[in-house]
Amino acid sequence: MSATPRLFVISGPAGVGKGTLVARVRELRPDLDETVSATTRSPRPGEVEGVSYHYLSDEEFARRVAAGDFLEHAEVHGHSYGTLRSEVESRIARGRSVILEIDYQGAFQVRKAFPAAVLVFIEPPSFEELERRLRGRGTEDEEHIELRLKNARHEIEIGEQYDVRIVNDEVERAARELLDVMAQYETDGGSGTCQ
Ligand code: 5GP
């Protein structure tokens with residue numbers, strides 16, 4: 001159980017390795033349970049409904065936006081993504097810190113709703129390395145890779161507005177740095193809790 005539960009928002013360009021990094025942090029901090037976002041994109045091979053994402057149709061996503069079910073939502077790479085309020089509020093109420101892995105548009109919406117949220121930006125060691133990782137993933141066609149690279153340049157600039165920046169040069173090292181940052185915010189209480 002955390003001293004002061006915090007909402008940590010993790011963003012970074014596609015291919016930077018956020019997913020692997022956050023998975024490693026969760027292994028080392030089992031008290032941080034998963035939140036599952038909603039999206040209108042199709043599942044990739046190996047992804048599972050209700051585990052990777054809640055996969056919604058465009059109509060269902062729009063209906064839930066109108067119902068006020070989302071803490072934040074944004075269009076990313078041509079699809080809608082959003083964090084369901086229910087996923088976050090139940091965990092904070094149980095005194096748990098929460099990690100959200102979301103894009104920068106969503107991150108700034110969360111900062112508005114919860115000014116004490118801690119925004120952490122994951123950077124690649126270099127742009128060339130990011131391109132190499134993104135192509136190496138092999139899950140995207142060329143058109144989508146180009147779009148993600150274009151977005152990545154823009155996102156890296158936006159990262160300057162985050163509270164903390166961590167270079168994902170090596171996942172184990174970066175995971176330790178992220179855990180240290182989280183522990184600091186949870187122990188000193190900073191500018192207040194997330195509620
Ligand atoms: P992917 O399609 O590769 O799973 O995710 C693409 C992007 O969507 C990533 O940058 C990820 O951070 C972002 N994303 C995933 N879930 C959410 C969410 O709930 N809200 C927002 N705003 N972005 C999300």
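To start, this report covers the structure provided alongside it. What you are looking at is a predicted structure, and each value in this text was computed from that prediction instead of being measured. Numbering of residues begins from 1 in every chain and follows the order in which that chain's sequence is written. Only residues with pLDDT of at least 70 get local features here, since the model is predicted, and only at 80 or more are side-chain atom pairs given and counted; chain-wide, interface and lining totals rely on the full set of residues. Side-chain calculation: all heavy atoms of the structure are included, whereas hydrogens and water are not.

Remarks on the overall build of the protein
Secondary structure is summarised from DSSP: a helix means a run of H or I of at least four residues, a strand means a run of E of at least two, and numbering begins at the N terminus for each. Each helix and strand in the protein was counted, giving 7 helices and 8 strands. In this description the radius of gyration comes from C-alpha coordinates, and the expected globular size is given by 2.2 Å times residues to the power 0.38. The globule rule puts the C-alpha radius of gyration for 195 residues at 16 Å, and the 16 Å found for the protein is close to it. Expressed along its principal axes, the backbone C-alpha trace of the protein runs to roughly 45 × 40 × 30 Å. In the protein, which comprises 195 residues, the proportion classed as buried is 47%. Whether two residues touch is decided by their heavy atoms; if any such pair falls within 4.5 Å, the residues are in contact. Of the contacts formed within the protein by residues at least 6 apart in sequence, a portion of 70% connects residues at least 24 apart. The sign given to each residue is positive for Lys and Arg and negative for Asp and Glu; His and the chain ends receive no count. Where a charge lies is defined by one atom per residue type, namely NZ (Lys), CZ (Arg), CG (Asp) and CD (Glu). Averaged over its 25 positive side-chain charges, the protein has a centre that lies 3 Å from the centre of its 36 negative ones. Relative accessibility decides the category of a residue: with a 1.4 Å probe and only protein chains considered, values under 20% of the type maximum give buried, values over 50% give exposed, and everything between is partly exposed.

Digging into the packing of aromatic side chains
Under the pairing criterion, centres of Phe, Tyr and Trp rings, with the six-membered ring standing for Trp, must be within 6.5 Å; the plane angle then separates stacked pairs below 30 degrees from edge-to-face pairs above 60, leaving the rest tilted. Counted by the stated rule, this structure contains 5 aromatic pairs. Aromatic side chains F61 and F70 sit 4.6 Å apart centroid to centroid with 25 degrees between the ring planes, which places their arrangement in the stacked category. Residues F61 and F70 agree in their burial class; the two are buried. Centre to centre, the rings of F121 and Y162 are 5.2 Å apart; their planes meet at 65 degrees, and the pair counts as edge-to-face. Of this pair, F121 sits in strand β7 (residues 118–123) while Y162 sits in the loop between α6 (142–158) and β8 (164–167), placing them 41 residues apart in sequence. A relative accessible area of 1% means that F121 is categorised as buried. In this structure an aromatic cluster arises from ring pairing among Y53, Y55 and Y81. We count a charge as sitting over a ring when the NZ of a lysine or the CZ of an arginine lies within 6 Å of the ring centre and within 35 degrees of the ring normal. Its guanidinium or amino end placed over the ring of F127, R153 lies 3.8 Å from that ring's centre, counting from NZ or CZ.

What about the nonpolar core?
In these notes, a set of buried Ala, Val, Leu, Ile, Met, Phe, Trp, Tyr and Cys residues joined through side-chain atoms within 4.5 Å is what counts as a nonpolar core. V25, I99, V120, I166 and L178 are the most contacted members of the largest nonpolar core, which has 26 residues in total. Mapped by element, the contributors of at least two residues to this core are β1 (7–11), α1 (18–28), β7, α5 (127–137), α6, β8 and α7 (171–188). When residues of this core are assigned to their parent elements, the largest contribution, 6 residues, is made by α7. Among residues more than four places away in sequence, those in contact with L178 are I10, L21, V25, V120 and I166. Of all hydrophobic cores here, the second largest spans 17 residues; its members include L7, V9, I92 and I102.

Comments concerning the environment of F108
For F108, the location among the structural elements is in helix α4 (residues 104–113). Along the backbone, F108 and E72 are 36 residues apart, and their C-alpha atoms lie at a distance of 8.9 Å. Those residues in contact with F108 that lie beyond four places of it in its chain are L119, I158, Q161 and Y162.

Description of the side chain of S11
Its location among the elements puts S11 in strand β1. Owing to a relative accessible area of 2%, S11 belongs among the buried residues under this scheme. Polar side-chain contacts of S11 include one of 2.7 Å to the side chain of Y162. When neighbours within four sequence positions are excluded, S11 is seen to be in contact with K18, I102, D103, Y104, A107, V120, F121, I122 and Y162. In the analysis that follows, any N or O atom pair within 3.5 Å is treated as a polar contact, provided that within protein one partner can donate a hydrogen and the other can accept it, and provided that, for residues neighboring in sequence, both atoms belong to side chains.

With respect to the site of the ligand
Working definition: residue near molecule or strand if any one of its non-hydrogen atoms lies within 4 Å of it. Surveying the vicinity of the ligand reveals 17 residues, the closest of which are S37, R41, Y53, Y81 and D103. Separating an oxygen atom of the ligand from a side-chain N or O atom of R44 is a distance of 2.9 Å. At a separation of 2.4 Å, an oxygen atom of the ligand approaches a polar side-chain atom of Y81. In isolation the ligand offers 510 Å² of accessible surface; the protein chains occlude 93% of this area. Those elements that provide at least two residues to the shell around the ligand are β4 (70–76) and β5 (79–84). All accessibility values rest on the Shrake-Rupley procedure with a 1.4 Å probe; residue burial counts only the protein chains present in the view.

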